[in-house]
Amino acid sequence: MALSGLQIYKLLPASSKDADVKTHGNCKECGFPTCLAFAMKLAAKQVELSLCPYVEEESKNQLEASAAPPIRLVTVKGTEHEMKAGNELVLFRHEKTFYNPAGLFVRVKDNQSDAAEVAKAVNDYLVDYVGMELTLDGIAVEDVGGDFGATVAAVKEQCGFPLILLTEDPAKAEAGLKAAEGTTPLLWAATSDNWEAMAKLAAEYKVPLTVRSDDGIGALADLADQVKGAGVEDIVLDPGARDYSGSLAASTQLRRLALKQNERRVGYPLIAFAGDDPILAGQHIAKYAGYVVIDRFSPATVYPLIVMRANLFTDPQKPIQVLPGVYEINKPSPGDPLMVTTNFSITYFAVANEVESSGLPGWLLVADAEGMSVLTAWAAGKFDAERIAKSVNTTGIAEKIDHKRLILPGHVAVLMGELEEELPGWDINVGPREAVDLPNYLKTQWG
Ligand code: SF4
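The present account deals with the structure reproduced in this document.

Analysis parameters
Once a new chain begins, its residue numbering starts again from 1 and follows that chain's sequence as written. Reporting in this predicted model follows two pLDDT cut-offs: at least 70 for local features of residues, and 80 or more for side-chain atom pairs to be given and counted; totals over whole chains, interfaces and linings ignore these cut-offs and use all residues. Put simply, DSSP H or I for four residues or longer makes a helix, DSSP E for two residues or longer makes a strand, and each gets a number counted from the N terminus. Here exposure depends only on C-beta density: within 10 Å of a residue's C-beta, 20 or more other C-beta atoms make it buried, 12 or fewer make it exposed, and intermediate numbers make it partly exposed, the C-beta atoms being placed from the backbone. Here, residue contact means that the backbone-derived C-beta atoms of the two residues sit within 7 Å. In this analysis, the expected span of each helix is defined as 1.5 Å times one less than the number of residues it contains. For this quantity, the arc is that covered by the directions from the helix axis to the C-beta atoms. A residue counts as near a molecule or strand when its C-beta atom, positioned from the backbone, falls within 6 Å of it. Note on residue categories: nonpolar means Ala, Val, Leu, Ile, Met, Phe, Trp, Tyr, Cys or Pro, charged means Asp, Glu, Lys or Arg, and polar means any other residue, Gly included. Two strands pair if DSSP finds at least two bridges between them. Seen with the strands pointing away from the viewer, any crossover whose path from the first strand over the helix to the second strand runs clockwise is right-handed. Angles shown run from 0 to 180 degrees and are taken between the N-to-C directions of axes, each axis being a line fitted to C-alpha atoms and, for helices, limited to the stretch in contact. Throughout this description, any angle smaller than 35 degrees is read as roughly parallel, any larger than 145 degrees as roughly antiparallel, any in the 65 to 115 degree range as roughly perpendicular, and the remainder as oblique. Take the far helix as the reference: if the near one is turned anticlockwise from it by less than a right angle, the crossing is left-handed, and if turned clockwise, right-handed. Any set of buried Ala, Val, Leu, Ile, Met, Phe, Trp, Tyr and Cys residues joined through C-beta atoms within 7 Å is what this text calls a nonpolar core.

Bringing the overall build of the protein chain into the picture now. Secondary structure assignment for the protein chain yields 18 helices and 17 strands. Along the first, second and third principal axes, the C-alpha atoms of the protein chain reach 80 × 70 × 40 Å. Classification of the 447 residues of the protein chain by burial places 40% in the buried group. Here the analysis covers contacts within the protein chain between residues at least 6 apart in sequence; of these, 63% occur between residues at least 24 apart.

The structure is reproduced here in structure tokens:
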């Protein structure tokens, strides 16, 4: 359980009963004037405990335990990419934000002749979405009685993303781990029957281990405890349910227990299996899987999943932005139109895509409006005549064009007069309100 500032203060040297330690109280070596000030910063997670060299050992253990995240951060690594799961702090994104997007893994079987081709397709799949490059996260190789080690090796050769090794057979697991050498795969799964052998392997190869139980959350927590006792710290939980309601109930209970009850025994990321059902995969992304395994790679089903995930895991308090500056569309020449908009990603892409798909050339001046859309930025005073004029004067756009005409978004026509004062000699034109009307405006009004 996280401690308050005052609870932390009671564990710092100024409150110590040991006279030798207490002499260091308020010594300022941490960079703060008092132990209390340091305690407050520590409670807000704005500083590291290591800044104070005088904390007693017992207090340090208590403070470190309270500072540990309620859901452990687990990292898996491929030959080129890594993926983190866990470290989440809230049940609902609007409470703060979600940090580590659920990993999407495509399942291949060890008797599947095109496993390596699927791995390559997953490796090469890349989507450019409002300036973000979105990808899948790896391959889950399943033991179904084929040559598990060889399939893992072939998949690793073709895919730089992390692997999940799906087998409950310790001998197959070891073959897979050997074939995955140089990477850190997630091993699935330790059960009540095999956990000692699987935990031994996970500890030896230093990989995270999934524990799976179909017997309820209590049994899952007990199994996780046993595996932890065997020396495995990085644990992933599989509550076993594969249907909509069962998996939703289990994952919600586990997340609530970890966050609200601070139940450390289930404070680990979850893995979920969606089969060939993209809607179930969507449910797992939203609630609350760290890893989602899907049975088939198809751009038509994967695209909406990774876009939904991107929307869910962006910080709602930070608008998605593009860099302010001048953007060239369809190779413009100096006489082509100059339009201005804000640096909110969706606004930028709405305008740029409309002009680009019309085939018309143009210059797009993107002003720094702190990532807000046109009307929001105008209302907040972040997209005014002064800022637009500053963009014109600092981006060098005047040297790239041979005219002095600027098209304002129709929604901020009210800025026209002020902008004419800020940019003497410029002809300020009011464009359409909606980006979709820009091509027609350029065809009929420019020239
Ligand atoms: S380093 Fe800071 S927290 Fe530690 S004893 Fe000195 S003032 Fe207190």
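Moving on from the coordinates now.
On to helix 9 (residues 217–229). A rise of 1.5 Å per residue sets the reference length of helix 9, with its 13 residues, at 18 Å; its end C-alpha atoms lie 18 Å apart and thus fit the reference within 8%. Every buried residue belonging to helix 9 is among L220, A221, L223, A224 and V227, and all of these are buried. Relative to the axis of helix 9, the buried residues are bounded by an arc of 160° and lie together on one face. Turned more than 90 degrees away from the buried face of helix 9 sit G218 and G229, all of them exposed. If you follow the buried residues of helix 9, they end up packed against strand 8 (186–190), helix 8 (195–205), strand 9 (209–212) and strand 10 (235–238). Phi for G231, located one or two positions after helix 9, is positive at around 100°.

Near the ligand there are 15 residues, and of these P13, C27, C30, C35 and C52 occur at the shortest range. Class assignment for the residues of the shell around the ligand results in ten nonpolar, three polar and two charged.

Burial along strand 7 (residues 163–166) is two-sided: the residues L163 and L165 and I164 and L166 are all buried. By the bridge criterion, four bridges tie strand 6 (residues 138–142) to strand 7 in an arrangement that is parallel. By the bridge assignment for strand 7, A140 is matched with I164. Inspection of the sheet shows strand 7 paired to strand 8 by three bridges, in the parallel sense. For L166, the partnering residue across the bridge sits in strand 8 and is W188. Running through helix 7 (residues 170–179), the crossover from strand 7 to the neighbouring parallel element strand 8 is right-handed.

Once that is clear, we can look at the packing of helix 7 against helix 8. As a packed pair, helix 7 and helix 8 sit with axes 10 Å apart at the nearest point and diverge in direction by 15°. By the criterion of interaxial angle, the relationship of helix 7 to helix 8 is roughly parallel. Both helix 7 and helix 8 take part in a crossing whose hand is right-handed. In contact with P170, A173, E174 and L177 of helix 7, helix 8 contributes A197, M198, L201 and Y205.

On to the nonpolar core, then. Counting residues in each nonpolar core, the largest one holds 75 residues, and the members touching the most others are I139, L165, L209, V211, Y291 and V292. In this structure, L209 is in contact with L187, A190, M198, A199, A202, V227, V232 and I235, ignoring residues within four places of it in sequence. Within the second largest apolar cluster, 33 residues are counted, among which are I329, W363, I388 and A389.

Another point: the environment of Q112. Locating Q112 in the fold gives a position in the loop between strand 3 (103–109) and helix 5 (115–124). When the 17 C-beta atoms within 10 Å are taken as the criterion, Q112 is described as partly exposed. Between the C-alpha atoms of Q112 and I346, which are 234 residues apart in sequence, the distance is 41 Å.

What follows covers the sheet that holds strand 11 (residues 271–275). Pairing in this open sheet of eight strands is parallel, and the strands run 10-9-8-7-6-3-12-11 from one edge to the other. Each edge of the open sheet is held by one strand with a lone partner, namely strand 10 and strand 11. Taken pair by pair, the neighbouring strands of this sheet meet at an average axis angle of 25°, ignoring direction. Two strands pair when backbone bridges link them, and strand 3 and strand 12 (residues 291–294) are joined in this way by four bridges, in the parallel orientation. Bridge pairing in strand 12 places L104 opposite V292.

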